[in-house]
Amino acid sequence: MPRPNIVFIMSDDHAAHAISAYGSRVNRTPHLDRIAQEGMRMDAVFCTNSICSPSRASILTGTYSHVNGVSSIWTEMDYRVPTFAKCLRENGYRTAMFGKWHLGEHGQSLPRDFDDWTIFPGQGDYVDPEMIDENGPRIVEGYATDIVTDMTIDWIDGLVADDPEKPFLAMVHHKAPHRPWVPDEKHRHLYADGTIPEPETFFDDLESRSKAVRGVHMSIADDMGADDLKQEVPEHLRGAENREERMRWKYQIYMRDYLQCIQSIDDNVGRLLDHLEERGLAENTLVVYTSDQGFFLGDHGWFDKRLMYDQSLQMPMLIRWPAAIAPGTRCEEIITNVDFAATFLDACGLDAAEVLPTSQGRSFLPLLRGEQVEDWPEAMYYRYWEHDDPIHHAPAHYGIRTRTHKLIHYYGAGLGVPGASDRIFESEWELYDLQADPIEVRNVADDPAYAELRAQLEALLASYQERYADEPYRGPDTPHPEWGPYDEEIFARVAEYVAAIDASSR
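Conventions we followed
Residues numbered from 1 in each chain as written. Predicted model: local features only at pLDDT ≥ 70, side-chain atom pairs only at ≥ 80, totals over all residues. Heavy atoms only, no water. Pairing = 2+ DSSP bridges. Helix = DSSP H or I, 4+ residues; strand = E, 2+ residues; numbered from the N terminus. Axes fitted to C-alpha atoms, helices over the stretch in contact; angles between N-to-C directions. Contact = heavy atoms within 4.5 Å. Phe/Tyr/Trp six-rings, centres within 6.5 Å; stacked < 30°, edge-to-face > 60°. Buried < 20%, exposed > 50% of the residue type's maximum accessible area, 1.4 Å probe, protein only. Lys NZ or Arg CZ within 6 Å of the ring centre and 35° of its normal.

Chemist: Whenever I open this one, the sheet that holds strand β16 (residues 428–433) confuses me. Can you help?
Modeler: Two pairing modes exist for strands in a sheet, parallel and antiparallel, and in both the strands are linked by backbone hydrogen bonds. Strand order in this open sheet of four strands is β13-β14-β15-β16, and the pairing throughout is antiparallel. Each edge of the open sheet is held by one strand with a lone partner, namely β13 (379–384) and β16. Averaged over neighbouring strand pairs, the angle between their axes works out to 10 degrees when direction is ignored. Its contacts with the sheet put helix α14 (residues 451–467) on β13, β14 (397–402), β15 (405–410) and β16, and the angle it makes with β14 is roughly 110 degrees.

This is the structure we're talking about:
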């Protein structure tokens, strides 16, 4: 079989529970559903740091934030850790990147490893956006989601005309549905009746949570402002006594705009799928749809992401590859964004251990083929570094998620990470029994009935930190080692760990 093409479509902040293939109660996404119907729905894909830039760096490099150095949205790509795009390009693939980059747009942080690229600066604009390519910035007229799709289709058409046998990687990175949620005019009639269902935990009082979590500024009622709503809150909805009514009013506006932005994503995914079929490329093209992380859609009363609760932690992932993936299949194994790079290389006939030796991920290609993998990991490790940032004030934390439980340690220190505060929070823990409490509203970290389980999960957490060479927080009086490739010593140490893991798995 010839080497496959890869079309990697990634949106920004698209929660899995706003995709009808995942059982959405709030919208319908027929074209995204088509990928699931003709391929596989991945049910347990998680990000390792739920924020834009770090997730993108982990996807490209197959490494955790402390290895690739992109720990916050204030850090940039420096390429001391190579990318899977580089590996593909060096092995005969043509490569392109269109849309949101968010890993820096100056000097060494600009996209490389791509034959063609055009990106939004920063977050990008929805309408008539400025875009940057190797010739500099320019204004591109139109709606951002359409523009990115048009660029991708035009690039693919050029490749087919030039050399139809040579495989390609197209990274299609949409801005939508990122804040401030500006829909295309043609979708503004959708969801306009104010009857979008509220989530089960909409009025969660957060009573059993840590102080740090209760202090985050992500409340729809209190922290969603006029810039998000495109209007001021009416006088009769202001004040503490009107909080519940105000929250409901804001939610309907927020979700209407958010879902209208997603409608454009869905339409353009359909355009791209149709074009691949028209060009005769569908059979041997691996099409991936995902988002850089999840998002709170009123869950626990919040918007945004960052925290380790499942709505923020889970990444949607739908994959179609008719030549290798059976239609209508599902995968429930735990996978992270660190695993993507090794998987794509494996699908293209390359061994990540050889061409991308810094990778900390593992190929899930056997799972895509429907194979049983006896030693597949039963847990995933997460770490959020951007402690107490000036907008959201989410605390630094790390944790472990298994199929049935989740343990989170809010260690509450910035450790010098760009964008993090130097305030120190008290150490706090949360533990959730995902079988008894799937909506994560009852923290049982201090429940004596869970003491033995907590001890086991703490040991598992420590073992994952050792495996990935990530130093745990040891208190304000103990210096924390520098993270990332900026410290060559820890980078070399990580490489040794990766080599040892690879050797033991052969």
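Chemist: Sorry if this is basic, but what is going on with the packing of aromatic side chains here?
Modeler: Two descriptors summarise a pair of aromatic rings, namely the distance from one centre to the other and the angle between the planes of the rings. Counted according to the given criterion, the structure contains 22 aromatic pairs. The interplanar angle of 70 degrees and the centroid separation of 5.6 Å between the aromatic rings of Phe8 and Phe344 together place this pair among those described as edge-to-face. A residue pair is termed long-range when its members are at least 10 positions apart, and Phe8 in strand β1 (residues 5–11) and Phe344 in helix α11 (residues 340–347) qualify at 336 residues. Each member of the pair, Phe8 as well as Phe344, is classed as buried. Between the aromatic rings of Tyr64 and Tyr381, the centroid separation amounts to 5.8 Å while the plane-to-plane angle is 45 degrees, which identifies the pairing as tilted. In this pair, Tyr64 is assigned in the loop between α2 (52–61) and α3 (65–68) and Tyr381 in strand β13, connecting sequence segments 317 residues apart. As far as burial versus exposure is concerned, Tyr64 and Tyr381 are alike and both buried. A cation sits over an aromatic face here: Arg383 above Trp385, 4.0 Å from the ring centre.

Chemist: Just checking my understanding: could you explain the pairing of β15 for this structure?
Modeler: Consecutive side chains along a regular strand alternate between the two faces of the sheet. Of all the six residues making up β15, six are buried; the element is thus mostly covered by neighbouring parts of the structure. The pairing of β14 with β15 spans four bridges and is classified as antiparallel. If you follow Ile400 over to β15, its bridge partner there is Leu407. Hairpin connection between β14 and β15: a loop of two residues separates the two successive antiparallel strands. Note: β15 against β16, six bridges, orientation antiparallel. Note that in β16 the partner of Ile408 across the bridge is Glu430.

Purely spatial values, then, with no claim about function.
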